[in-house]
Amino acid sequence: MDTGIGYFATHDAAGPAEVARLVEEHGHAALYFAEHTHIPASRETPYAGGGELPRKYAHTYDLFVALTAAAAATSHLRVGSGICLVVERDPIITAKEVASVDHLSGGRLEFGVGAGWNREEMANHGTDPRTRMRLMHERVDAMKAIWTQDEASYHGRFVDFERIWSWPKPAQLPHPRVLVGGNGPGAIDRAGAFGDAWMPNFARGGVLERIPEARERGIPVTVMGVPADAGVLEQLREAGVQRTVRWLPSAGRSQLERALERFEAAVAELNGES
């Protein structure tokens, strides 16, 4: 089991390039950026974490700008979306962005996808929350067609296009790993249907109990939002988790380093190095 870092890259904190260099220097395998295109000022959907929505949600850089900056600043760190809200994105444009970052980075992109939770945000993009899961499935499938076919077509209920050319193709074959986020009842089914891994959020609860189902179905698991706790990390390792990812605060370098040290102390304890 290796380790990764999650980060809301905001304009008023350490930038994505600086954070990426720091994470690579510390020996972590991957860095994942969160995405929100905007936050509705009159938002009614309750924050899943409880309480007031943290300000960082409305202050993030564009996901693919952050990924490009991180990839350009590093040499071997894997960079990824944790998650990309594909229900709020045009699939042809997003396929181009994914392929471009993967190509420019030498095949280091991991494509985490999700349908999101903020219904007002989705609605502002013309997405019906009631059909967002099927929309996500079709958009991911359509992107796979674009990545893997010289002349791609796709015909679905929500996505429909005929014979297009789009280069570059991703450096990774057949395409970057698609990690399907979500903790809902159908999340593992969706990961099996159109993903390469399941990427639940540990803080939402119930993850440990569901990992055996994913593993029995041959679906690798990357867990986001793990605590800096050696006992929890041991449970996740024993369950067969591929990667654990710890969120860092959107802050300056000194605060980031302290947060990294706490997580790394827990990892060292897990590995009997403390």
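Everything below is about the structure printed above this text.
Residues numbered from 1 in each chain as written. Predicted model: local features only at pLDDT ≥ 70, side-chain atom pairs only at ≥ 80, totals over all residues. Heavy atoms only, no water.

1. Here we look at the layout of surface pockets
Here comes step 1: Taken as a whole, the largest pocket spans an internal volume of roughly 830 Å³.
Here comes step 2: Surrounding the largest pocket, 35 residues form its lining, Tyr-57, Ile-83, Trp-117, Asn-201 and Arg-204 being those nearest its centre.
Here comes step 3: Contributions of two or more residues to the lining of the largest pocket are made by β3 (78-85) and α5 (132-148).
Here comes step 4: Looking at the lining of the largest pocket residue by residue, the class counts come to 17 nonpolar, 12 polar and 6 charged. (1 Å grid on protein atoms, 1.4 Å probe; cavity = no way out; pocket = protein on both sides within 12 Å on 5 of 7 lines; lining within 4 Å. Points joined across faces, edges and corners; volume = space filled by probe spheres on them. Helix = DSSP H or I, 4+ residues; strand = E, 2+ residues; numbered from the N terminus. Nonpolar A, V, L, I, M, F, W, Y, C, P; charged D, E, K, R; others polar.)

2. A closer look at helix α9 (residues 253-270)
Here comes step 1: Here α9 contains 18 residues, and its C-alpha end-to-end distance of 25 Å stays within 8% of the 26 Å for a straight helix at 1.5 Å per residue.
Here comes step 2: If you check which residues of α9 are buried, you get Leu-256, Ala-259, Leu-260, Phe-263, Ala-266, Val-267, Ala-268 and Leu-270.
Here comes step 3: Those residues of α9 hidden inside the fold are in contact with β1 (2-7), α1 (16-25), α8 (230-238) and β10 (243-247).
Here comes step 4: The positive-phi residue at the C-terminal boundary of α9 is Gly-272, with phi of around 70°. (Expected span 1.5 Å × (residues − 1). Buried < 20%, exposed > 50% of the residue type's maximum accessible area, 1.4 Å probe, protein only. Contact = heavy atoms within 4.5 Å.)

3. Focus: the packing of aromatic side chains
Here comes step 1: This model, assessed by the stated rule, comprises 7 aromatic pairs.
Here comes step 2: Their ring planes at 50° and their centres at 4.8 Å tell us that Phe-8 and Tyr-57 sit as a pair that is tilted. Taken together, the residues span a long stretch of sequence, with Phe-8 in the loop between β1 and α1 and Tyr-57 in the loop between β2 (30-33) and α2 (63-72) at a distance of 49 residues. The burial state of Phe-8 is the same as that of Tyr-57; both residues are buried.
Here comes step 3: Between Tyr-57 and Trp-117, the ring centres sit 6.2 Å apart and the planes meet at 80°, which makes this aromatic pair edge-to-face. Here the residue Tyr-57 occupies a position in the loop between β2 and α2, and Trp-117 occupies one in the loop between β4 (109-114) and α4 (119-124), the gap between them amounting to 60 residues. For the pair Tyr-57 and Trp-117, one class covers both residues: buried.
Here comes step 4: By way of ring pairs, the aromatic residues Phe-8, Tyr-47, Tyr-57, Trp-117 and Trp-247 are connected into one cluster.
Here comes step 5: Sitting above the plane of the Trp-167 ring, Lys-169 keeps its charged end 5.0 Å from the centroid. (Phe/Tyr/Trp six-rings, centres within 6.5 Å; stacked < 30°, edge-to-face > 60°. Lys NZ or Arg CZ within 6 Å of the ring centre and 35° of its normal.)

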